[in-house]
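# Reading the structure
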Amino acid sequence: MTLSVLATDGYKLSMAEAGYPLRRETFYQSHRKGGAQLLPFDPRALVSRILPAASSADYTFLAAHGYDMGAGFKAAVAGPAALEIRALPKGAWFLPREPFLTVTGPSALVSWLEPLLLQASFRIQVATLALQDPEALVRELSVVTCEAEARIVEETLDAVRELHPECRVSLRPEARPEAYASRVATHVRELVAITGDPGRIFEVGLRAATCLEQHHVALAAMKGAGLTRTSNTLGAHELGMIPVGTMGHEHVQRFGSDEVAYRAMRDRRPTRSSFLLDTFDTLRSGLPAALRLMAEAPDAGDSIRYDSGDKEAQYREAVARAAALGLAPVHILEDSFDT
């Protein structure tokens, strides 16, 4: 089985072009917290099911939206045989921050896989809850967001009963995509009312979804409420939206320096950049580096993005420092803010 090369986040594509798409790197997957977790699937088989396949039409769509992919990226995603996969076996338990899967191979390919591999966390959470608190599982998942999510729950419970015959939990979730879509649309309409312009909002939830179908339901609802931009390049293609995304932490880690990473993105891609501030230190490293680059090209329309810590305090500090330099950068504010 393969998936469209579009089935990833847009910033994976920009990072590949600004980085080293054919260099061998390792992606590792773990859970940060939550205690011991049960692995209800074979991670090797999961990787084999979600490898990318690309068509000329895919690359034409990407190029039309500022993601004109080069020879390095194309070679990387065409070479899944180069992957080295190490994983815990199905049925294993793992602890917080203990890797249960590593994938080593061409940088662009292992990076491309990440959002889809992160979706498998839902299966792990379902399996663990089935053994630790089956009543909570039934309470939380008797109603789900889409048919694909319902199938995932049922498949996971089948695997748990195979691994642990003493587990008696039985659940046939009811899929209510219309109710889910309505909740999503309500949130988006509220954000549009606050900002006054849906063009100021973009969506980045692919990596937090349980499956591609769930994210498609959410995106369709968001589009109906006025949203036009998403990090999900496949969803953008299917729904006539605009794919977006510049930089994640892996890009800054790859270069080992905020400023070097920012310059690589700015100097290797002709479109606007978004500088992620918090990989090393938001106020002492990320922000000063971003402002130095913006001062060199104040009309480039670049932005700065806040991702951890006290983001409101960081935002206010960044506004003050930028104003002192005569700069007016775009600010990207993500989660942790209420309405």
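Residues numbered from 1 in each chain as written. Predicted model: local features only at pLDDT ≥ 70, side-chain atom pairs only at ≥ 80, totals over all residues. Heavy atoms only, no water.

### Structural notes on the sheet that holds strand β7 (residues 101-106)
The cut-off we apply is this: Pairing between two strands is assigned when DSSP locates at least 2 bridges connecting them. Numbering of helices and strands runs from the N terminus, with a helix taken as a DSSP run of H or I at least four residues long and a strand as a DSSP run of E at least two residues long. To get an axis, fit a line to the C-alpha atoms, keeping to the stretch in contact for a helix; angles then go from 0 to 180 degrees between the N-to-C directions.
One open sheet accounts for three strands, arranged β2-β7-β5; its pairing is antiparallel. Each of the sheet's edge strands pairs with one partner strand only, and the pair in question is β2 (24-29) and β5 (84-87). Here the average twist between neighbouring strands, direction ignored, is 15°. As judged from the six bridges shared by β2 and β7, these two strands associate in the antiparallel manner. Pairing of R24 across the sheet is with P106, part of β7.

### Some words on helix α13 (residues 258-268)
Under the convention used in this document: We call a residue buried when its accessible area falls under 20% of the maximum for its residue type, exposed when it is over 50%, and partly exposed in between, using a 1.4 Å probe and counting protein chains only. Arc, as used here, means the arc of the directions from the helix axis to the C-beta atoms. We call two residues in contact whenever any of their non-hydrogen atoms come within 4.5 Å of each other. Polar contact criterion, stated in full: a pair of N or O atoms within 3.5 Å, where within protein one must be able to donate a hydrogen and the other to accept it, and residues adjacent in sequence count only if both atoms are side-chain atoms.
Those residues of α13 that fall on the buried side of the exposure criterion are D258, A261, Y262, A264 and M265. Considered in projection along α13, the buried side chains sweep an arc of 155° and stay on one side of the axis. Buried residues along α13 sit against α1 (10-18), α12 (249-255), β12 (274-276) and α14 (282-296). The N-capping residue of α13, defined by a side-chain oxygen 3.4 Å from the backbone nitrogen of E259, is S257.

### What to know about the environment of A130
Within the secondary structure layout, A130 lies in helix α6 (residues 121-132). Separated by 199 residues in sequence, A130 and P329 have C-alpha atoms that sit 48 Å apart. Not counting the four nearest positions on each side in its chain, A130 is found in contact with L137, L157, V160, C167 and V169.

### Quick word on the pattern of salt bridges
Basically, it comes down to this: For salt bridges, the criterion is a side-chain nitrogen of Lys or Arg within 4 Å of an Asp or Glu carboxyl oxygen.
Applying the stated criterion across every chain yields a total of 22 salt bridges. A salt bridge links R254 to E25; the nearest nitrogen and oxygen atoms lie 2.8 Å apart. With R254 in helix α12 and E25 in strand β2, this pair connects stretches of sequence that are 229 residues apart. By the burial criterion, R254 is buried, and E25 matches it. Between R316 and E312 there is a salt bridge; the shortest N-O distance is 3.2 Å. Within this pair, R316 and its partner E312 are both found in helix α15 (residues 311-324), separated by four residues, close to a single helical turn. What you see here is one network of salt bridges that share partners, running through D9, K12, R23, E25, E114, R207, E250 and R254.

### Focus: helix α10 (residues 212-224)
Heads up, the condition is: A helix is expected to reach a length of 1.5 Å times the quantity of its residues less one.
The first and last C-alpha atoms of α10 sit 18 Å apart over 13 residues, in line with the 18 Å expected at 1.5 Å per residue. Among the residues making up α10, those that are buried are Q214, H215, V217, A218, L219, A221 and M222. Contacts made by the buried residues of α10 are with α8 (147-163), α9 (177-195), β10 (229-230) and α11 (233-239). G226 occupies a position one or two residues after α10 and carries a positive phi of about 115°.

### Remarks on the state of the cysteines
Quick note on the threshold: Cysteine sulfur atoms that come within 2.5 Å of each other are treated as a disulfide pair.
The tally for this structure, following the rule as stated, stands at zero disulfides. Unpaired in terms of disulfides, C211 finds its nearest cysteine sulfur in C146, a separation of 3.8 Å.

### Quick notes on the packing of α6 against α8
To keep it simple, the criterion reads: When describing relative orientation, an angle under 35 degrees is termed roughly parallel and one over 145 degrees roughly antiparallel, while 65 to 115 degrees is termed roughly perpendicular and anything else oblique. Crossings are assigned a handedness: left-handed for a near helix turned anticlockwise from the far helix by less than a right angle, right-handed for a clockwise turn. Here the term charged refers only to Asp, Glu, Lys and Arg, the term nonpolar to Ala, Val, Leu, Ile, Met, Phe, Trp, Tyr, Cys and Pro, and the term polar to all other amino acids, Gly among them.
For the pair α6 and α8, the least separation of the axes is 9 Å and the interaxial angle reads 50°. Of the possible angle classes, the one that applies to α6 and α8 is oblique. For the element pair α6 and α8, the recorded crossing hand is right-handed. On α8, the residues that touch F122, R123, V126, A127, A130 and L131 of α6 are E149, I152, V153, E155, T156, L157 and V160. Here the residues of the contact of α6 with α8 are counted per class, giving nine nonpolar, one polar and three charged.

### Considering the side chain of R254
On the basis of relative accessible area, R254 is assigned to the buried category, the value being 14%. Residues in contact with R254, not counting those within four places in the same chain, are M15, G19, Y20, R23, E25 and S107.

### Considerations on the sheet that holds strand β13 (residues 303-305)
Strand order across the open sheet formed by three strands is β12-β13-β14, with parallel pairing between neighbours. Every other strand in the sheet has two partners, leaving β12 and β14 (330-332) as the edge strands with one partner each. This sheet shows a mean twist of 25° between the axes of neighbouring strands, independent of strand direction. One ladder, built from three bridges, connects β13 with β14; its direction is parallel. For R305, the partnering residue across the bridge sits in β14 and is I332. Across the sheet, α14 touches β12 and β13, and the angle it forms with β13 is around 170°.

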